[in-house]
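The primary structure of each chain is shown beneath.
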Amino acid sequence: MDGGEPTVLINFLSKLGLEKFYPNKLTLRSLLEINKSSVYDEAVSSVEEIPWCFLRRLFRINAECRDCTQLSNTDNDEEDNSDEDDYDKDLYTADDSADNQVNPLDLIVALFLCADSFLQQEMASKMSMCQFSVPLLLPHGNKSQCTLMLWALRDIVKEWRPHDISESKGFVENNIVHADIPFYSFVRLKNCSLSKSQILNNLLSRGQLNQNMFIHRDMEGGSLDKSVAGGLVEVCWYLPCGTENTDAFPKPTVLANLRGDIDLSLTQFSFLFKVSTATFVFLDKVEENEHKILTSLIPQDVRSKLFLVVNQKDGNAEEDMSVKALKKELDLPKTNVKTKDRRVNVAEFSKRLRVAIKKLLTDVNTTVSIVNMIEKAVELGLSEDEGKTHKQKKAAEEIMLGTSKQSIPDYKKQQLPLQGENWKKLSQLEMEDCRMKDAGESGGEHYKSMLQKEKQRIVKEQMEQQLSMGMKTFVETLSTDDKDRRDYFLKWMKFMLIAHSREKLTELRKESKEQCSKKDTKPIAELDQALLESSLGLEHYMREMGLIYEFSSQSQQTDDTITRLPGLAAEMLLDGYPLELLDGDASNIPQRWVTDVLMELHNKVGGKSRLLVLTVLGVQSTGKSTLLNTMFGVQFPVSSGRCTRGAYMLFLRVGEDMRNQLNYDFIILIDTEGLRSPSLAQLEDSYEHDNQLATLVIGLSDVTIINVAMENFTEMKDFLQIATHAFLRMKKIGKKPVCHFVHQNVGGVSAHAKTLTERKVILDQLNEMTQIAAKMERHPSIKLFTDVMDYDLEKNNWYIPGLWHGTPPMAPVNTGYSEAVADFKRNLLETVKRDKGDDVSKIPEFLEWMRSLWRAVMFENFIFGFRNTLVANAYDNLCKEFSQWEWEFRREISIWEEAAEIEILNADNKLDHWTEMVESKKSEVSKKIADQQTIMHQKLVDYYKRKDGHVNLIEKFKSGFFNQIKSLAKEIQHSANSDLDRALEYKKSSQKAEDLQRKHREVIEERIMKLLSDCKKRSLSEEELEEEFEKMWAEVTVNVSGLKEKDMPAEIFDQLKKHLLNLNVSEELSKITDLRESGLGQFKAKTEHINMKNVLNFFFQKNIQRELQSLADDVIESFTQFVEDIAKTERDYHESFTKDLLEKIDESLKQSRKKCKQKFVTDLKLHICGIATREFLQMHRKYLIRRDPKLKLEEKKKQYMSNFIDLCKERDHFQRKATDYVRSCIKPAVEDYITRSLGVEILDEICHSAEYSSRSFFQYNIQEELLLKEDFDSFVKYIRRYETYMKSWIFKHIRQKMSEDQTLCKLKNKVLQVIVDKISEAIKQSTKCTDGTLLPDSKESIPALINNIRRYLIKDISISEEDEKTTLFQIQCTSQQFINSLKISLEDLNKELQEELTKSNISETLKKLPTKPHVELFKRVFGCGRQCPFCKVPCEAAGKDHEKHHAALHRPQGLAAYRDEETEKLLETLCTTDVHGEGIFMNADTEWEAHPYKEYTKYYPDWHIPPDRTITASDYWKYVLVTYNDRFAEKYKCKSADVPEAWRSITKEQALKSLKEAFNVK
Ligand SMILES: Nc1nc2c(ncn2[C@@H]2O[C@H](COP(=O)(O)OP(=O)(O)O)[C@@H](O)[C@H]2O)c(=O)[nH]1
Ligand SMILES: [Mg+2]
Ligand SMILES: [Zn+2]
Ligand SMILES: [Zn+2]
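Residues numbered from 1 in each chain as written. Chains lettered and ligands numbered in written order. Predicted model: local features only at pLDDT ≥ 70, side-chain atom pairs only at ≥ 80, totals over all residues. Heavy atoms only, no water.

What follows concerns the overall build of the protein chain. A count of helices and strands for the protein chain gives 59 helices and 22 strands. Taking 36 Å as the expected radius of gyration for a compact globule of 1562 residues, we find that the protein chain reaches 48 Å, considerably beyond that expectation. Seen through its C-alpha atoms, the protein chain measures out along the principal axes to roughly 175 × 90 × 60 Å. Of all 1562 residues assigned to the protein chain, the portion counted as buried reaches 57%. Of the contacts made within the protein chain by residues no fewer than 6 positions apart, 78% connect residues no fewer than 24 positions apart. One finds the centroid of the 224 positive side-chain charges in the protein chain at a distance of 3 Å from the centroid of its 249 negative side-chain charges. (Helix = DSSP H or I, 4+ residues; strand = E, 2+ residues; numbered from the N terminus. Rg over C-alpha atoms; globule rule 2.2 N^0.38 Å. Buried < 20%, exposed > 50% of the residue type's maximum accessible area, 1.4 Å probe, protein only. Contact = heavy atoms within 4.5 Å. Lys, Arg positive; Asp, Glu negative; His and termini not counted. Charge placed at Lys NZ, Arg CZ, Asp CG, Glu CD.)

Attention shifts here to helix α37 (residues 869–905). Between its first and last C-alpha atoms α37 spans 52 Å; for 37 residues at 1.5 Å apiece the expected length is 54 Å, and the two agree. Extensive coverage of α37 is indicated by the burial of 27 of its 37 residues. (Expected span 1.5 Å × (residues − 1).)

Take the site of ligand 1 next. As a structural note, the neighbourhood of ligand 1 is formed by 15 residues, with S621, G623, K624, S625 and T626 the closest of them. Here an oxygen atom of ligand 1 and a backbone polar atom of S621 are 2.7 Å apart. G623 places a main-chain nitrogen or oxygen 3.0 Å from an oxygen atom of ligand 1. Summarising the interface, the protein chains cover 80% of the accessible area of ligand 1, which totals 570 Å² for the free molecule. Examining the composition of the shell around ligand 1, we find that three residues originate from one element, helix α27 (residues 624–632), more than from any other. (Near = heavy atom within 4 Å. Polar contact = N/O pair within 3.5 Å; in protein donor to acceptor, adjacent residues only side chain to side chain. Areas by Shrake-Rupley, 256 points an atom, 1.4 Å probe, with all protein chains shown as cover.)

Donor atoms from the polypeptide that coordinate the zinc ion (ligand 4) comprise C1424 (SG), C1435 (SG), H1442 (NE2) and H1445 (ND1), at 2.0 to 2.2 Å from the metal. One way to put it: the four donor atoms around the zinc ion (ligand 4) meet at angles of 100 to 122 degrees, and that makes the site tetrahedral. Donor residues for the zinc ion (ligand 4) sit on one chain with the sequence pattern C-x10-C-x6-H-x2-H. On the criterion of sequence distance, the pair formed by C1424 in the loop between α56 (1413–1422) and β19 (1459–1460) and H1442 in the loop between α56 and β19 is long-range, its members being 18 residues apart. Judged by its relative accessible area of 18%, C1424 falls in the buried class. (Donors = N, O, S within 2.8 Å, 3.2 Å for Na, K, Ca; no water. Tetrahedral: all angles 85-135°; square planar, octahedral: opposite > 155°, others 65-115°.)

This part is about the packing of aromatic side chains. Applying the stated rule across the entire model yields 62 aromatic pairs. Ring geometry for Y1133 against F1137: centres 6.0 Å apart, planes inclined by 70 degrees, an arrangement best described as edge-to-face. Here Y1133 and F1137 have matching classes, each one buried. An aromatic cluster is present here, built from F1272, F1275, Y1278, Y1282, Y1285, F1418, F1422, Y1516, W1517, Y1524, F1528 and Y1532 joined pairwise through their rings. (Phe/Tyr/Trp six-rings, centres within 6.5 Å; stacked < 30°, edge-to-face > 60°.)

Glancing now at a positive patch on the surface. Side chains of K1277, K1292, R1295, K1531 and K1533 sit close together on the surface and give a patch of like positive charge. Locating K1531 in the fold gives a position in helix α58 (residues 1515–1532). For K1531, a relative accessible area of 44% puts it in the partly exposed group. (Patch = residues over 30% accessible without salt bridge, like charges linked within 9 Å, V, L, I, M, F, W, Y side chains within 5 Å. Salt bridge = Lys/Arg side-chain N within 4 Å of Asp/Glu carboxyl O.)

A few words on the packing of helix α47 (residues 1214–1246) against α56. Two numbers describe a pair of packed helices, the interaxial angle and the distance between the axes. Across the interface, α47 lies against α56 with an axial gap of 9 Å and an inter-helix angle of 45 degrees. Viewed along their axes, α47 and α56 adopt a mutual orientation that is oblique. The crossing of α47 and α56 is right-handed. Counting all contacts with α47, which are made through G1239, I1242, L1243 and I1246, the residues of α56 involved are P1413, E1416 and L1417. (Axes fitted to C-alpha atoms, helices over the stretch in contact; angles between N-to-C directions. Parallel < 35°, antiparallel > 145°, perpendicular 65-115°, else oblique. Left-handed = near helix turned anticlockwise from the far one by under 90°.)

Within the secondary structure layout, D1356 lies in the loop between α52 (1341–1352) and α53 (1361–1367). A polar side-chain atom of D1356 sits 2.9 Å from a polar atom in the side chain of K1318. When sequence neighbours within four positions are dropped, the list of residues in contact with D1356 reads I902, Y1233, R1236, I1315 and K1318.

Okay, the nonpolar core next. With 270 residues, the main nonpolar core has W237, F474 and I706 as its most contacted residues. No other element matches helix α35 (residues 843–859), which puts 10 residues into this core. Once residues within four sequence positions are removed from consideration, I706 is found in contact with L617, M716, F719, L720, A723, F727, C739, H740, F741 and V742. By size, the runner-up hydrophobic cluster in this structure holds 97 residues, among which are I1262, L1304, I1315 and I1323. (Core = buried A, V, L, I, M, F, W, Y, C linked by side-chain atoms within 4.5 Å.)

Following the sequence through the fold, D1220 ends up in helix α47. What D1220 contacts, discounting residues up to four positions off in sequence, is Q1199, C1225 and T1367.

For the rest of this paragraph, the subject is helix α54 (residues 1375–1399). Its 25 residues place the ends of α54 36 Å apart at the C-alpha level, agreeing with the 36 Å of an ideal helix rising 1.5 Å per residue. Burial in α54 covers these residues: S1375, F1378, I1379, S1381, L1382, S1385, L1386, L1389, N1390, L1393 and L1397. Residues of α54 that are buried sit in contact with α47, α51 (1303–1325) and α52.

Now for the sheet that holds strand β12 (residues 579–583). The pairing of strands in a sheet happens through backbone hydrogen bonds and is either parallel or antiparallel. Here we have seven strands laid out as an open sheet, ordered β12-β14-β15-β13-β16-β17-β18, and mixed in their pairing. Edge positions in the open sheet fall to β12 and β18 (797–800), since each of these has one partner strand only. Averaged over neighbouring strand pairs, the angle between their axes works out to 25 degrees when direction is ignored. Pairing analysis gives five bridges linking strand β13 (residues 611–618) to strand β16 (residues 703–708), with the strands arranged parallel. Counterpart to L617 in the pairing with β16 is I706. Across the sheet, helix α26 (residues 591–604) touches β12, β14 (646–653) and β15 (666–673), and the angle it forms with β12 is around 150 degrees. (Pairing = 2+ DSSP bridges.)

The next point concerns the pairing of strand β8 (residues 278–283). β8 sits mainly inside the fold: six of its six residues count as buried. Note that strand β5 (residues 183–188) and β8 share five bridges and pair parallel. Pairing of S185 across the sheet is with T279, part of β8. Strand direction decides the pairing type here: β8 and strand β9 (residues 306–311), joined by five bridges, are parallel. Among the inter-strand pairings, T279 is bridged to a residue of β9, identified as L306.

Let us look at the packing of helix α30 (residues 713–733) against helix α32 (residues 756–776). Running from N to C, α30 and α32 cross one another at 50 degrees; their axes reach a closest spacing of 9 Å. The pairing of α30 with α32 is recorded here as oblique in orientation. Of the two elements, α30 crosses α32, and the hand of that crossing is right-handed. Contacts between α30 and α32 involve F713, K717, L720, Q721, T724, H725 and L728 from the first element and Q765, L766, M769, T770, I772, A773, A774 and M776 from the second. Taken together, the residues that form the contact of α30 with α32 break down as nine nonpolar, five polar and one charged. (Nonpolar A, V, L, I, M, F, W, Y, C, P; charged D, E, K, R; others polar.)

Here we take up the pattern of salt bridges. Applying the stated criterion across every chain yields a total of 83 salt bridges. Note that D482 is salt-bridged to R485, the shortest N-O span being 3.5 Å. Put simply, K1365 and E1361 hold a salt bridge, and the shortest N to O gap is 3.5 Å. With K1365 and E1361 both in helix α53 and four residues apart, the pair spans about one turn of that helix. The class for K1365 is partly exposed, based on a relative accessible area of 35%.

Residues E19, E42, E48 and E49 make up a contiguous surface patch of negative charge. In this structure, E48 sits in the loop between α2 (36–39) and α3 (50–59). Owing to a relative accessible area of 42%, E48 belongs among the partly exposed residues under this scheme.

On to unusual backbone geometry. For the bond running from Y22 to P23, omega is -10 degrees, close enough to zero to count as cis. Relative to the assigned elements, P23 resides in the loop between α1 (6–16) and α2. One non-glycine residue, D1301, lies in positive phi territory at about 50 degrees.

The following block contains the structure:
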């Protein structure tokens, strides 16, 4: 039933669920989404799914896509057995299945009716690739109405080789609608039993290929009644490949096939007859109206154009009467009637027909191309599908007009000027700016400045370019809100450009071929260049558009259309257009453009832009674009002989149903053009550009597909070398590359197994290349490709059979290709899904990668060239956590140590026991440190297991951090041991003092008791008693002597001598009599201090002398501070102080040992030890005074006197005694406790503040403050006396923090409360003995009670036993009474101390602390203390033990007082520039041999000096040098630096900005 009413159409569409898309509402871009059904191509289960399944498979160019039109009816078979009435059942099922099935032809018509113009084009192209017929006239349900599908067919491009040029191996390439080729139509009458389509298929297929180009009744679904396909005219092309034997026709031929009878599609028939070279009518017999129709053709040349194909029916040998009549009336020659009788089968008959057509072809002279059919179509009342695009066509034509008037190179110069020489020159300059290849002798900074100027000049020129007419029209036409218009325009541009350059390139190729045969190489390169220059495509216009934006001034007045360009481009990206990321011709990225476009996109999607980046790389023309197009249904340009180079990216949305699984919002595809292209390989910069392109895209990709085509193995090898390099570089910067090798043109099920050897060969190749690359990149430890990445011979290799099934152009796409590609895609996404991390990049991170990768590419030197805020952030974050862990470690040990020291101090009086105790404490602390080390180690391990925070980027620092834990533990162990040693010493000396005190006490007490018994008898008044007491006291204490002072100078000198023992310095030392005399004046660096080896030049000597002087000053200042810090702590001197001091001096001189002689070090140590001796002596004396027995006794005198009088009067002031006890025993201990604990408390409080969170942030803060303070002296101090400056900065900072809100007071109070609570508790518990029994409430219990208190607090405070005894002398009250009094006194003490706390001086308090917060914090932010060998900037890497030292900002060397010795001018050079230039340096380390800066790592292998990230990066220090140039010169006693002119314009704001950038501060 050939129903023709639109209702039929509507019904059919709704059966397929397509009605909402009718008409033309289904868009191409809606099919690009990555979703479950596009990945897992499941079988259809309902009719509604059929169209989607068909489209999906068609887009994968699966030639079997037409088979999905039938639902599988599995239950049918079962029913067969049970049902009896077979005949009925068959009918029934047939009906039933009609509901479940669709005629593929109907489906195609329906889809074309629903598709928009672009989808139609795409469908037609893909169908044509599959060698399906495509619609030429599309019916609209209503059969007489139809559309000529010119637009839809426009995109089909074919290549063929007609026999007349097969000799020369030439070929024709053209858009098929433009080709003037013979056109044959095939129609049928109502009575026709032959399958026209089948015969056509036979006609077209020759040799092995048996293709179903036209759907016929024997195909799946082909026998179903057509619902909407009646009146459809399909066309199919026959294109010869140039071999007589296999070609069906020697010339290209079009075959058109009208579906349905002619009387139902009259319009179509008339049209076909008009445009055809010949029309073949298939019939059994002719009906009356058909007779009429055919005879009405007579005015036209029927005799030559009309052929009848008659099927003679069985038994009736007679030709049908109706046929005879028709023949007669039409006056057809005999040859125009082809009769098939029973004896010939269809195949044989088809052959005959083919011969007939072949014959016709020989003398065809009227041909018509499809584009030229349009007039006839309009004449006959057909519609056409192109009318709506006219306006855009006009615009495109307008632009193209220019190209016909002049040569392409000239046209490009005029209309696309921005991508011309200037742009290329700019790219070169940028490269030179990084590599400084031609810097020569003149100072790097000046050269850099010159480059800068030149760059600015070009940029200015580019900015001043007027918008060319062509580009104006282009941009204006694009900037429309109507997407269809924009798309039409672009399509038109594309068609015209391709047609145009096809023409031009053919000419050029011809020429080059001729040249080639002459074997002259030079012109070939020239021709290649010409080829490059003559190529003009849409991509050039798009490129120009980007550059217009790139160079548009950012001022307010910029044209609105220009500022809107990124928005437009973003819109286009979302619509599936590619964006050029890297211009491979100039080898440059228009960064502003790309950034703004992508950010616009990022904003458009509301920041939901998690990206998976997938790249395909490989030799040019090996089917990369075809692969991507097949995988994802996209439209990267495919053709042989493209001449642009670059990387294009395309965005694919991930559908809702897969977004969470995949963890991505978009998949970015990056297609590369022009790698190792034979036609470009001749060009000079080809290799380098290829390298850059490959590195960039590999660096950007999450997944890289390497396209391997073993046919061109040499190019393949070259390419693999490039790729291996790139992978190696990625490995170095911590990006994890995933890579798949896709082997093309390897088919068959056994491919994978059979190609094992091939895979091995490739792996061998890769290994070899890895070694070469590793050597070049200075990474000799890497030997195998598998060291570079996870590569699995089995899992990372894919085999894809050839694209074509047979010989093109008539070969359809190989289904195996399509299936293999789909399989690959599915697996690839599965892997992605499985390995997903949390570190998913969004667009901003992608851009950051792009920028830093590109920078690194430009610097060539990857590891040093690479720095990126993501890496910096990741590093910083770990540093922050790490320093927190470090503090927890230190804190834990520090608290333990405090307790241990007190315990030692509280140990009872057996001397031998103490050493034992200290030893056991030492092993205890070792264990504790080991535990803490394990904990910290584990924390780091866990950190590196995290999936966020980009930990993979800081993989290379991992071992450094682990080492740091080790050295931290070592350092803590060392200091803990010496602290414990000191505790022991302290215990000993306190014991001595106590012993002495006891002796005196016992004498005094004895005397008092004696006096007491005397006086009791006499009953004296209080005054008299006092007098007696005084007399006694004077007698007893007259002989009390002070403690003996140590001979500090001798002791320290001894130590120094021991320290210097191995060195031949006894002579110097013999001159010393008293160390106190040393280090009194200023230390002077002398010539005899200089290591003179190789120093021939007097200038150098002076230079070094000055350096040594500054070094000495620095060291002296820093160690004076060190000594003072110790001296302020109110402890006794201990020999470990001197030991530490000497060790630390050695360490700080380590860096400069090459410059100076041993004498310098010895002199310096003597000098510092002199200072130390004086300080330590003073400290020791102060200590002795505090401990002096005589003084101590004097302190106690009043107490004894009161006690004595009370005893005489027989009263007991136990309250007073308690108060005395609290005052003289508890109070000092409490104060001591506060002093000891306060350091940790302050650190706890302050180490969370942002300033100390990381080294780099700390640096930022200090430098920012310096800039804002504008104080020259501070700058000098910071630069020259870094350590001192930092320490005092930190000290001041702490002081300030502590004074805010009375923080210090609060902290002290907190500590006070802790200890007061403990003491209260101790007092409460004091009546309980260790065995749990209670003490009796008696006078005798008091000593035990006091003991209990002491025991209870053994780890917290130390109470002097002697003081205690003195206070409690002859106490008379009961223990309970005493306890009660103690409680009261303690409360009083608490109040009193609280009062005192508010009054204390912050600086004094801080200085007294044994745990010095500023020293601890300094450790935290100071790092390893190394300085850049060139500019002296301090290292900022975390901790002490790292592989490489580095700093964010290096400075002009002059700031560190370096000067040109001849001119005496300060040096303006920056090491960041120098080490990447061609200059040389010489110094003590090189033993005054000239050495290239570039290879500085030879002498400073542990320094990592990256180039400045941007030209403005070091603005900060440039600004400082410019601002204080003269003052620095004055200070350093030389002439001011020659700063490049450009530096003078740097403002303070810019300086601050550069600082922020360098330290990554937002
Ligand atoms: N014989 C053959 N040709 C292919 C194959 N894959 C692609 N082509 C053709 O090779 C040409 C270049 O393909 P294209 O995808 O543009 O290669 P690209 O330069 O690597 O992107 C096109 O004409 C493709 O049709 C294949 O597997 N076998
Ligand atoms: Mg390509
Ligand atoms: Zn430096
Ligand atoms: Zn360092």
